[in-house]
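A closer look at the structure
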Amino acid sequence: MARALLVVVDSLGIGGAADAGRFGDTGADTFGHILQARAPALPNLRALGLHAAHALAHGRAPATDERADPASTWAAMQEHSTGKDTTSGHWEMCGVPVEFDWGYFTAPEHSFPPDLLDALCSRAGLAGVLGNCRASGTEIIERLGREHLASGKPIVYTSADSVLQIAAHEQHFGLERLYATCRIARELVDDYRIARVIARPFAGDAVDGFRRTGNRHDYSVPPTAPTLLDALVAAGHQVLAIGKVSDIFAGQGISRAIPASGLPALLDATEATFADAPDGSLVFVNLVDFDSEYGHRRDVAGYAAALEYFDARLPALLRLAQAGDLVLLTADHGNDPTWPGSDHTRECVPLLAVGGGLRTGAAGLRDGFADLGQTLARHFGLPPLRHGVALPLSS
């Protein structure tokens, strides 16, 4: 039985979302603005249809230098979910759009309710917390890292996403203690409809600077309905989740979680896993660095360089596909590094495909990320999901 590989280039939006104005993101265009600013050389992504999908999202035909390889299938997808976050994007692409409103901590300062922080401190044995604000994760550890080491208090902060983040020093506070604190926070924020609690461990000191480590862990609310991944496992298929994918789905519908941190390691793990993946399995990876290291940090040059690195590694990954296998590449939201602030942006995302018997060429502007999940459900011979329309097969 054929296999599938799903690669999520975290935050690689392509602009053009019809409802961007509702989020204050009219004009945001992660890929387009990177092209304008840095013009990265991306021959393999262009061949897959990334540039052509970008043109589709903006309602125009691709120019000569944007055309994809005739063997590829490409589309742009408009999100249905109410948010522009990781959880919503991934759940929707697996057939469960988020049709309710997440809870958010909206105040720039004193962001969290006192009762919530009091309960967290009491249950986790904390003398208090630092931060209690909206912030960039890298900025806040530089600002409060020294005080954290002196006081032992963890740094608690949020963003425009439905999230509570806790940063603490791996050695001085302790990694396991940080994880335990986040598990308590996960229980406490359920009443607030918060999608994720994220452990943000860091290392270093005030002299040489603080840096986040690769031991991040997301504590997500479980999906509100069975996803494509649940259907695959129930039907006897394997879902091999690399990086933070297992965390995004709270471990549901995951056969094996394969840890990896950093873009090179994530791609190494993807190649190794896909090379050995059994028949009928789905290999699913999220390349989080594009979002966490470059989008949120508004690092245009870094984002462009990471795209070039990924592009250079694509041929080796694609060569691992066997006859009948389906390879899909997409994103979960935008994070325009030229945009004000440091938060996600509401954009269309690309859907690029090779193999699986799909009809090649343009597959249009898709009405929902769930078209991806429906395409995979058909590929694996599963009953149709509740949401989505599969990409057309070749005649």
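Located above this text is the structure these notes cover.
Summarised in this report is the structure supplied together with it. (Residues numbered from 1 in each chain as written. Predicted model: local features only at pLDDT ≥ 70, side-chain atom pairs only at ≥ 80, totals over all residues. Heavy atoms only, no water.)

**Considering the sheet that holds strand β14 (residues 361–367)**
The strand order across the open sheet built from 8 strands is β10-β9-β11-β1-β12-β13-β2-β14, with neighbouring strands paired in mixed fashion. Edge strands, defined here as strands with exactly one partner in the open sheet, are β10 (256–258) and β14. Here the strands of the sheet are splayed against their neighbours by 15° on average, with no regard to which way each runs. Lying on the sheet, helix α3 (residues 50–57) is in contact with β2 (73–78), β13 (349–355) and β14; it crosses β2 at an angle near 40°. (Pairing = 2+ DSSP bridges. Helix = DSSP H or I, 4+ residues; strand = E, 2+ residues; numbered from the N terminus. Axes fitted to C-alpha atoms, helices over the stretch in contact; angles between N-to-C directions. Contact = heavy atoms within 4.5 Å.)

**Some remarks on the side chain of E347**
With respect to the helices and strands, the residue E347 is situated in the loop between β12 (326–330) and β13. The buried charged residue E347 lacks any salt bridge partner; its closest oppositely charged side chain belongs to R298, at an N-O distance of 8.3 Å. Looking at E347, its side chain comes within polar contact range of the main-chain nitrogen of I14, at 3.2 Å. A polar atom in the side chain of E347 sits 2.8 Å from the backbone nitrogen of G15. Among residues more than four places away in sequence, those in contact with E347 are G13, I14, G15, A17, A28, D29, T30, G334, N335 and D336. (Buried < 20%, exposed > 50% of the residue type's maximum accessible area, 1.4 Å probe, protein only. Lys, Arg positive; Asp, Glu negative; His and termini not counted. Salt bridge = Lys/Arg side-chain N within 4 Å of Asp/Glu carboxyl O. Polar contact = N/O pair within 3.5 Å; in protein donor to acceptor, adjacent residues only side chain to side chain.)

**Overview of the packing of helix α10 (residues 263–276) against helix α12 (residues 300–318)**
If you want to describe how two helices pack, look at the angle between their axes and the distance between the axes. Where α10 contacts α12, the two axes come as close as 11 Å, and the packing angle between them is 15°. Here α10 is positioned roughly parallel relative to α12, judged by the angle of their axes. Seen along the crossing, α10 lies across α12 with a hand that is right-handed. Where α10 abuts α12, its residues L263, P264, L267, D268, T270, E271 and F274 lie against A306, Y309, F310, R313, A316 and L317. (Parallel < 35°, antiparallel > 145°, perpendicular 65-115°, else oblique. Left-handed = near helix turned anticlockwise from the far one by under 90°.)

**Notes on the nonpolar core**
Formed by 81 residues in total, the largest nonpolar core has its most connected members in F284, L287, F310 and L376. When residues of this core are assigned to their parent elements, the largest contribution, 7 residues, is made by α12. Those residues within four positions of F284 in sequence are excluded, and the remaining contacts are L6, V8, H90, M93, C94, L229, L240, A241, I242, V245 and F249. F112, L120, I184 and A185 belong to the second-largest nonpolar core, a separate cluster that totals 25 residues. (Core = buried A, V, L, I, M, F, W, Y, C linked by side-chain atoms within 4.5 Å.)

**Some details on the side chain of S246**
As for its position among the elements, S246 is in helix α9 (residues 245–248). Since its relative accessible area comes to 13%, S246 is described here as buried. Discounting chain neighbours no more than four positions away, the residues touching S246 are A241, G251, I254 and A257.

**A few points about the packing of helix α5 (residues 114–124) against helix α7 (residues 170–189)**
Where α5 meets α7, the closest approach of the two axes is 10 Å, and the angle between their N-to-C directions is 140°. Considered as vectors, α5 and α7 are oriented oblique to each other. With respect to the hand of their crossing, α5 and α7 are arranged in right-handed fashion. On α7, the residues that touch L116, A119, L120, R123 and A124 of α5 are R177, T181, I184, A185, E187, L188 and V189.

**Quick word on the pairing of β12**
Across the 5 residues of β12, 5 count as buried, placing the element largely inside the fold. Going residue by residue along β12, you find L326, L328 and T330 tucked away on one face and V327 and L329 tucked away on the opposite face as well. In this sheet, β12 lies alongside strand β1 (residues 4–8) in parallel orientation, the contact comprising 5 bridges. The residue of β12 that forms the bridge with L5 is V327. Pairing geometry for β12 and β13, over 5 bridges, is antiparallel. Bridge assignment links L326 to a residue of β13, and that residue is G355.

**Here's the deal with the pattern of salt bridges**
Side-chain pairs of opposite charge can arise where the charged atoms are in close proximity. Within the structure shown, the criterion is met by 17 salt bridges. Between E187 and R123 there is a salt bridge, with the nearest N and O atoms lying 2.8 Å from each other. With E187 in helix α7 and R123 in helix α5, this residue pair connects regions lying 64 residues apart in the sequence. If you follow the salt bridges from partner to partner, you end up with D19, R22, E79 and R346 in one network.

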